[in-house]
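Coordinates in review
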Amino acid sequence: MARINSPAELEAVRDAILAARDPDKPCITLCCGSACQASGSLEVADRLEAELREQGVDGEIEIRKTGCHGYCERGPIVVNEPSGVSYFQLQPDDVSEIVAAIKDKGVVERLLYSDPVTEEKIEQEAQIPFYKNQKRLVFGDNVKIDPKRIEDYLAIGGYAALAKALSQMTPEDVLEEVKKANLRGRGGGGFPAGIKWEGTRNAPGDTKYVIVNADEGDPGAYMDRSLLEGNPHAILEGLVLGAYAVGAQEGYIYVRQEYPLAVENVVLAIQQAEAHGLLGENILGSGFDFKVVVHQGAGAFVCGESTALMTALEGRVGEPRPKYIRSNIKGLWEKPSVLNNVETWANVPLIIKNGADWFTSLGTEGSKGTKVFSLVGKITNTGLVEVPMGTTLREIIFDIGGGIPGGKKFKAVQTGGPSGGCLPEDMLDLPVGFDELTKAGSMMGSGGMIVMDEDTCMVDVARYFIGFLTDESCGKCVPCREGLRQMLKILTRITTGEGRDGDIQLLEELSEVAKEAALCALGQSGPNPFLSTVRYFRDEYEAHIRENRCPALVCKELIAFHIDPEKCQACGSCRRKCPAEAIDGGKNRIHVVDQDKCTKCGTCFEVCPSRFAAVRKISGEPVPPPIPEEDRVIVRKSKKK
Amino acid sequence: MENERVDQIIDKHGAEPSGLIQILLEIQSENNWLPKSALERVGERLGVPLTRIQHIATFYKAFSLVPKGRNKVHICMGTACHVRGAQRVLDTVQDVIGIKPGETDLDLKFSLETVNCLGCCALGPVMEINGKTHGKLTPAETANVLKSYE
Amino acid sequence: MSEIVLEIDGKKVTAREGATVLEAAASAGVRIPTLCHHEKLEPYGSCRLCTVEVEAGGRTRLVVACVYPAADGLRVRTRSDKIDRIRKLILELYLAHAPDAAGLRDLAEEYGADRDRFDKEASFCIQCGLCVRYCAEVKKKHAVGFVDRGWRKEICFVPEIAAETCWDCRECFPLCPTEALQAAYVFVEALKFPREDPPGDGAVPERS
Ligand SMILES: Cc1cc2nc3c(=O)[nH]c(=O)nc-3n(C[C@H](O)[C@H](O)[C@H](O)COP(=O)(O)O)c2cc1C
Ligand code: SF4
Ligand code: FES
Ligand code: FES
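Residues numbered from 1 in each chain as written. Chains lettered and ligands numbered in written order. Predicted model: local features only at pLDDT ≥ 70, side-chain atom pairs only at ≥ 80, totals over all residues. Heavy atoms only, no water.

**Remarks on the overall build of chain C**
The cut-off we apply is this: Counting from the N terminus, the helices are DSSP H or I runs at least four residues long and the strands are E runs at least two residues long. Categorising residues by exposure relies on relative accessible area from a 1.4 Å probe, with only protein chains included: less than 20% of the type maximum marks a residue as buried, more than 50% marks it as exposed, and the intermediate range marks it as partly exposed. Contact criterion: two residues are considered in contact whenever any of their non-hydrogen atoms come within 4.5 Å of each other. Residue-level accessible areas treat just the shown protein chains as cover; the underlying method is Shrake-Rupley with a 1.4 Å probe.
When helices and strands are counted, chain C shows six helices and seven strands. For chain C, the α and β elements follow one another from N to C terminus as β-β-α-β-β-β-α-α-α-β-β-α-α. When each of the 208 residues of chain C is scored for burial, the buried share is 50%. The long-range fraction of contacts in chain C, counting pairs at least 24 apart against all pairs at least 6 apart in sequence, stands at 54%. In the structure as shown, chain C presents an accessible area of about 10200 Å², 49% of it carried by carbon and sulfur atoms.

Below you can see the structure in the form of structure tokens.
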């Protein structure tokens, strides 16, 4: 396709794309996001293509391979257009039925979503509880486009915001609109983007930069990845708008090398946008020039921090800089630089297109718009969910997420990434928003939301996060490098039954020093996982320290597996599966765990048939002695006599 | 790795010190590890001191200064996987192949690495071997999966 | 260059524009403890011992004096209960690594730091980076650098460069707050047993 030289030409191109499309032509949209690929969506895609050819309908039915739809729990997913019928958990063998159903305008009943409680089948994607309760402004377009085709993005109105800005708005107007929308950063502290931009716009000098933070180091969060993989042009469009507003000529996308598909799609998107005159010199004939470079991160969580990221962009070790001047005034190569998160950038075209008033009509007093969360952990519907700010945790976890699987009880939800915090059950009615979460002792962070059930030990969770941060500390300043490491040592000894009186106070002291004196936000917020768990779950710390007991029965050193001789029916499952060969038993003999050999992997606990439920975990009390050899024979009452 | 190839990679990135990390990443991905000769060549061409290259090559997780094994095992230790039992998967892998994260066994059969989130939280706990994802693992299954690699 | 007036511990202090709080304090005879600071080197801000309290525009916060720019009307407090608590704990963290360093001993006494607070891990190096930065910034030789990150971070000589330049220089040795022990030790090791690869990354383990 040729270069587009004006907003009018852009509309003409868009009309041409739409005119060439028949809205009634069936199209199978297949999710090829990372999670669905791992569940086999590429195999499904291959079979689909072959099937269409074989049935001779490859001209009549289209396939669109999209990025993540959000409902990764049930992948691979197909949504049929225009009917809206969706199928879940597909196997390659299912495709012939799907194609046949499209031909006869029917539905493959067995592949539909079925309600876990009522077992009622739901045909339409939009009616499924997981989707029904969401508001997918930023993320919803993923389903509608093949990220490798710019035409798809143009077809849904892509780059219209850019055209509007370049032809009808001054850079100041764009800035004002974003300020008025009170768009707050989606990647960390929730800093108002407009104010950040304004600083850069007003800073002296001609060279300025805009940067996308796609480092997404939070373990257990993948919304930025899915946006970049599934809708890269939206982020580019936001970035160009930002560049126009602040007067930048060059932009960077810092994306982690662990996300190869995101890198591939965004590099391709840049090439397409350049070829269409939507990026590069004289964008849409406006005289505005802007180019974008992709920089791959080499694997260091701290590089998500703004000064470290800019140091890394300069080709150096990603250590944060000890500076008291904000990077929007003095950043990359000492020049004014705006750094925003992927999702923040993706919101910008929406604001410009629909106006600030539209944006502020959603959300709470201090937090406007929507937020994408990565809802994971012990949750029925794992996936990416987008809700208006102000939605309660309960609505997200229970109405959308479907609650806790396996009949277990909810215990806590962790938000804000490694330096966020855990909120207990009585906070479930908290509306999500930047200030609300911070006040409760957690934070929004970039939107990780990890649900924990009664089988989760909160001391272990704190140890896990502090361990992660200790590993990721850059090592420059001592409150973080040594302070977090000492915290990790103490937490480790608590979880291994070596905790001492005074450990909680020592942890509190170390926390204060890291919070107050560390160089960057990694160290400053590093103690949060401890502080929030000790605030809400202090009794668990005390049980570990005082009674050598792990109430959640998780900490390996504090638990034992024991087979109840009264309940064991000698089925032998545990003995066959135990990887440590720690179980003694035989036909019609009560099985016994050899505590010396047991590695506490828990396999026996899992494989013991629920009708026997003979294996139990013990903590804080002695393991009953094995029953004597001679009493191990099971005398069965015969069934009929 | 030949110096000519290293030079080609350097030229592709414009032989600027700011391209250092991108150059090292490309060498790493092509050669699987960073030989000292390549580091020296990069330093010379970009005019960057070797101390800085050494720091970068050891600071970032993507780089390795020793050859990696034929099969690259990545265990996801992301939070979602953690609460679903990633530690037990890791323990099993360590038991079976006898190395710790960051290490390669003597026969260069396996390299073991922990990673933070593979974006497959729905399938957790997850292990990825040579790009193929194995999900919803138990210790017993983990051991089985490993057996299928040569 | 114009002058600015700020207040440090209640005293009016005049400083040149562009000076750091640490420099301003020094010129007024107010001592702020430091470990990673050196006047010939760029501010590094890693030891965090020079943490002080500043009040500007009605907000009070903790900053490091070696980096924070002095400004007109700024009010600085160099001691408070909180600052002392922070310095004490930082010293205790250091003492786990270098329990006998003279430079730390005096400070430890001043702030009541307990050298046995944390389990000893006598690696001696406290990562102040003085040797590394001096070699790079002043001597421009780059014979010694850092490797790895976090608590695994250590200093490491490049044997080829060290063999050529270090014997005649050794200016970094006396800079070390832990008595030149670490730089000298690593230097000798590097020459005696030149390593093919810098340490710290994925070495092949011993099979037991
Ligand atoms: C240790 C650390 C890691 C961070 N990682 C990320 C990240 O992966 N992605 C991100 O967008 N922001 C991350 N941040 C926040 C950024 O520093 C920065 O605030 C953010 O990118 C600004 O964009 P926003 O205002 O749009 O959120 C991190 C911060 C710290 C301290
Ligand atoms: S707080 Fe941690 S990550 Fe940040 S500069 Fe200090 S050591 Fe590095
Ligand atoms: S990857 Fe397919 S729904 Fe998320
Ligand atoms: S936490 Fe393992 S894939 Fe996300």
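Once the structure has been displayed, the description carries forward.
**Some points on the interface of chain C and chain A**
Selection rule: As used here, buried area is the combined drop in accessible area, with a 1.4 Å probe, of two parts when they are placed together. Polar contacts here mean pairs of N or O atoms no more than 3.5 Å apart (in protein, one a potential hydrogen donor and the other a potential acceptor; neighbouring residues in sequence count only if both atoms are side-chain atoms).
Taken together, the 32 residues of chain C in the interface contact 31 residues of chain A. Between chain C and chain A, the buried area comes to about 2900 Å², and carbon and sulfur atoms account for 54% of it. When residues of chain C are sorted by the area they lose upon contact with chain A, R48(C), R149(C) and W151(C) head the list and together hold 22% of the total. Summed over the shared surface of chain C and chain A, the result is 18 residue pairs in polar contact (both at pLDDT 80 or more). Looking at the side of chain C that touches chain A, the elements with two or more residues in it are strand 4 (59-64) and helix 2 (81-95) of chain C. When residues of the side of chain C that touches chain A are assigned to their parent elements, the largest contribution, seven residues, is made by helix 2 of chain C.

**Structural notes on the site of ligand 1**
Residues and elements named next belong to chain A. Condition: To be near a molecule or strand, a residue needs just one of its heavy atoms within 4 Å of it.
Around ligand 1, a shell composed of 19 residues is seen, among which G187, N213, N340, N341 and T344 lie nearest. The contact in question runs from an oxygen atom of ligand 1 to an N or O atom on the backbone of S306, over 3.2 Å. The fraction of the free accessible surface of ligand 1 (610 Å²) that becomes covered by protein chains is 88%. At the level of secondary structure, the elements contributing two or more residues to the shell around ligand 1 comprise strand 10 (337-341) and helix 21 (521-525). Of all the elements, strand 10 adds the most residues to the shell around ligand 1, at three residues.

**Remarks on the sheet that holds strand 2 (residues 11-16) of chain C**
Residues and elements named next belong to chain C. In plain terms, the rule: In this analysis, strands are considered paired if DSSP registers two or more bridges between them. Every axis corresponds to a line fitted to the C-alpha atoms, with the helix fit spanning only the stretch in contact, and the corresponding angles, defined between N-to-C directions, vary from 0 to 180 degrees.
Taken together, five strands build an open sheet; the order of strands is 2-1-5-3-4 and the sheet is mixed. Unpaired on one side and paired on the other, strand 2 and strand 4 mark the two borders of the sheet. The average angle at which neighbouring strand axes cross in this sheet is 35 degrees, direction not considered. Note that strand 3 (residues 51-56) and strand 5 (residues 75-77) share three bridges and pair antiparallel. Within the sheet, the bridge partner assigned to E55 lies in strand 5 and is R75. Across the sheet, helix 2 is in contact with strand 3, strand 4 and strand 5; its angle to strand 3 comes to roughly 150 degrees.

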